[in-house]
Amino acid sequence: MIWWKRLKGKVKVREPLYKHTTFKIGGPASLFIEPRDIADLKVLIKEAKRDRIPLRVIGAGSNILAADDGIKAAAVHLKSPYFSGCSSENGILEAGAGCVLSRVIAESQSKGFSGLEFLAGIPGTIGGAVAMNAGAWGSNIGKKLRDVTVMDYHGTVNTLKRSEIKFHYRSCSLENSIILSVRFSLRKDNPSAIARRIAGYRKARKASQDLSAPSAGCVFKNPDGESAGRLIDLCGLKGKKIGGALVSSKHANFIINKKNASAGDVISLMGLLKESVQDKFKINLEPEIKIWK
Ligand code: EPU
């Protein structure tokens, strides 16, 4: 029997990644697996290793550009109820890795816990947000969490306190682990004051970012003390198009999938932006999005 048929969760063979990325781009993953629970995930890790098939964890697919011819790997999607719950008690909010940020924010708001409002409007899961140390408006998720429970690629589960994890700009030291769940210590506040702040962040995001078409948010990291969007803008590249990929005329660090863009179109356009900024400002732009190939 093929090993993945022994798993209790959902398994799809040659599942197109365009269905699972906010860019709406990407060929098939050899396998696309939603393990049911911890025991299932352990079996998956063990059997995939035996079969020499690499694993790649996918959250909401909001920071991924997947290759047109797909990936020879098993995409692991922690979307089952076991991995995507969210609850809070006594100022501690716990969310499964697969829980979307909008649900976490709604939970904290309704219970009157403050601290996560700045995440409003970021499309993603808690697991993805921690792995990438998602940030906005001068804050980042690494500053806010209490501890993270992870599984390593031998199947061992461990809970790490915030002080045991290193957080950097858009990355953290958990890249060799699978994030299972996250806990936050939040402070009590008035639910309507929290709701007002959430609405403010949503509005600011809508005003400055292009949400009109599929994208993966900012494609490049900001260089030290600079904004990649501002630099690309100063190169006069807003509206530049390659194939179906377009540099947003609202925010130059957004590439949008205007019309059936391929990963190749986006990569060519990123190359052009990088080269232009290098020529004009002698600054090297590094991708923020993860390119899966
Ligand atoms: N700007 C331009 N032209 C543009 C875009 C921006 O002149 O086309 C200027 C803005 O006017 C502003 C400055 O550049 O003076 C910074 O722009 P913005 O406030 O939009 O922030 P950003 O640096 O481009 C960062 C994060 C965003 C995050 C926002 C809000 C990165 C790469 N980007 O954007 O994160 O939402 O701050 O805090 O760190 C993401 O990670 O995908 C992302 C979108």
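Scroll up to find the structure this text is about.
**A look at the sheet that holds strand β12 (residues 157–161)**
- One open sheet holds the 5 strands; their spatial order is β6-β7-β15-β11-β12, and the pairing between them is antiparallel. The sheet is open, and its two edges are formed by β6 (86–89) and β12, each paired on a single side. Along the sheet, successive strands turn relative to each other by an average axial angle of 20°, direction set aside.
- With respect to the sheet, helix α1 (residues 38–50) is in contact with β11 (145–152), β12 and β15 (177–185), its orientation differing from that of β11 by roughly 45°.
- Sitting on the sheet, helix α2 (residues 101–111) touches β6 and β7 (92–96), and the angle it makes with β6 is about 25°.

**Regarding α2**
- Within α2, burial applies to L101, V104, I105, E107 and S108. The buried residues of α2 all sit within an arc of 160° when viewed along its axis, so they share a single face.
- For α2, the elements touching its buried residues are β6, β7, β8 (113–114), α3 (126–131) and α4 (191–208).
- Directly after α2, the chain includes G112, whose backbone phi takes a positive value near 75°.

**A short note on the packing of aromatic side chains**
- Tallied over the full model, the rule gives 3 aromatic pairs.
- Ring centres 5.7 Å apart and planes at 85° place the aromatic pair W3 and W4 in the edge-to-face group.
- Given the relative accessible area of 8%, W3 is considered buried.
- Residue W4 is classed as buried on the basis of its relative accessible area, which comes to 18%.
- With a centroid separation of 5.0 Å and an interplanar angle of 80°, the aromatic rings of Y82 and F83 are classed as edge-to-face.
- Here the basic side chain of R56 rests over the ring of W292, its NZ or CZ set 5.3 Å away from the ring centre.

**Concerning the site of the ligand**
- In the vicinity of the ligand, 20 residues are found, and the nearest of them are W137, Y169, N222, D233 and A252.
- Here A252 contributes a backbone N or O atom positioned 2.8 Å from an oxygen atom of the ligand.
- For the shell around the ligand, the elements supplying multiple residues, two or more each, are β17 (215–218) and α5 (228–234).
- In terms of residue count, α5 provides more of the shell around the ligand than any other element does, 3 residues in total.
- Grouping the amino acids of the shell around the ligand by side-chain chemistry returns 7 nonpolar, 7 polar and 6 charged.

**Concerning the nonpolar core**
- Membership of the largest hydrophobic core comes to 52 residues, with the highest contact counts inside it found for W3, L41, L44, V148, L174 and F184.
- Contact partners of W3, with chain neighbours within four places excluded, come to L31, I33, L44, E47, A48, D51 and I53.
- Core analysis: the next-biggest nonpolar cluster, separate from the first, contains 23 residues, I255, A263, M270 and L285 among them.

**Re the pattern of salt bridges**
- Per the stated rule, a full pass over the model turns up 11 salt bridges.
- In this structure, D37 engages R36 in a salt bridge whose closest nitrogen and oxygen atoms are separated by 3.6 Å.
- Judged by its relative accessible area of 19%, D37 falls in the buried class.
- Linking E288 and R170 is a salt bridge whose minimum nitrogen-to-oxygen distance equals 3.2 Å. With E288 in the loop between α6 (263–281) and β21 (290–292) and R170 in the loop between β13 (167–168) and β14 (171–172), this residue pair connects regions lying 118 residues apart in the sequence.
- Given a relative accessible area of 9%, E288 falls into the buried group.
- According to the relative accessible area criterion, R170 is buried, its value standing at 18%.
- Here the salt bridges do not stand alone but share partners, grouping R6, E47 and R50 into one network.

**Looking at the packing of α2 against α4**
- Running from N to C, α2 and α4 cross one another at 150°; their axes reach a closest spacing of 7 Å. The pairing of α2 with α4 is recorded here as roughly antiparallel in orientation. Mapping the contact onto sequence places I105, S108 and Q109 in α2 and P191, I194, A195 and I198 in α4.

**As for the pairing of β7**
- Examined bridge by bridge, β6 and β7 share 4 bridges and lie antiparallel to one another. Opposite S88, over in β7, you have L93 as the bridge partner.
- Linking β6 to β7, which pair antiparallel, is a turn of 2 residues; within it N90 sits at a positive phi near 50°.
- Where β7 meets β15, 5 bridges bridge the pair, whose relative direction is antiparallel. Note that in β15 the partner of L93 across the bridge is F184.

**Regarding unusual backbone geometry**
- Notably, N133 is not glycine yet its phi reads approximately 45°, a positive angle.
- In this structure, N133 sits in the loop between α3 and β9 (135–136).
- The phi dihedral of N260 is positive, around 45°, even though this residue is not glycine.
- A residue is classified by how much of its surface remains accessible, and N260, at 72% relative accessible area, is exposed.

So, how was this worked out
Residues numbered from 1 in each chain as written. Predicted model: local features only at pLDDT ≥ 70, side-chain atom pairs only at ≥ 80, totals over all residues. Heavy atoms only, no water. Pairing = 2+ DSSP bridges. Helix = DSSP H or I, 4+ residues; strand = E, 2+ residues; numbered from the N terminus. Axes fitted to C-alpha atoms, helices over the stretch in contact; angles between N-to-C directions. Contact = heavy atoms within 4.5 Å. Buried < 20%, exposed > 50% of the residue type's maximum accessible area, 1.4 Å probe, protein only. Arc of directions from axis to C-beta. Phe/Tyr/Trp six-rings, centres within 6.5 Å; stacked < 30°, edge-to-face > 60°. Lys NZ or Arg CZ within 6 Å of the ring centre and 35° of its normal. Near = heavy atom within 4 Å. Polar contact = N/O pair within 3.5 Å; in protein donor to acceptor, adjacent residues only side chain to side chain. Nonpolar A, V, L, I, M, F, W, Y, C, P; charged D, E, K, R; others polar. Core = buried A, V, L, I, M, F, W, Y, C linked by side-chain atoms within 4.5 Å. Salt bridge = Lys/Arg side-chain N within 4 Å of Asp/Glu carboxyl O. Parallel < 35°, antiparallel > 145°, perpendicular 65-115°, else oblique.

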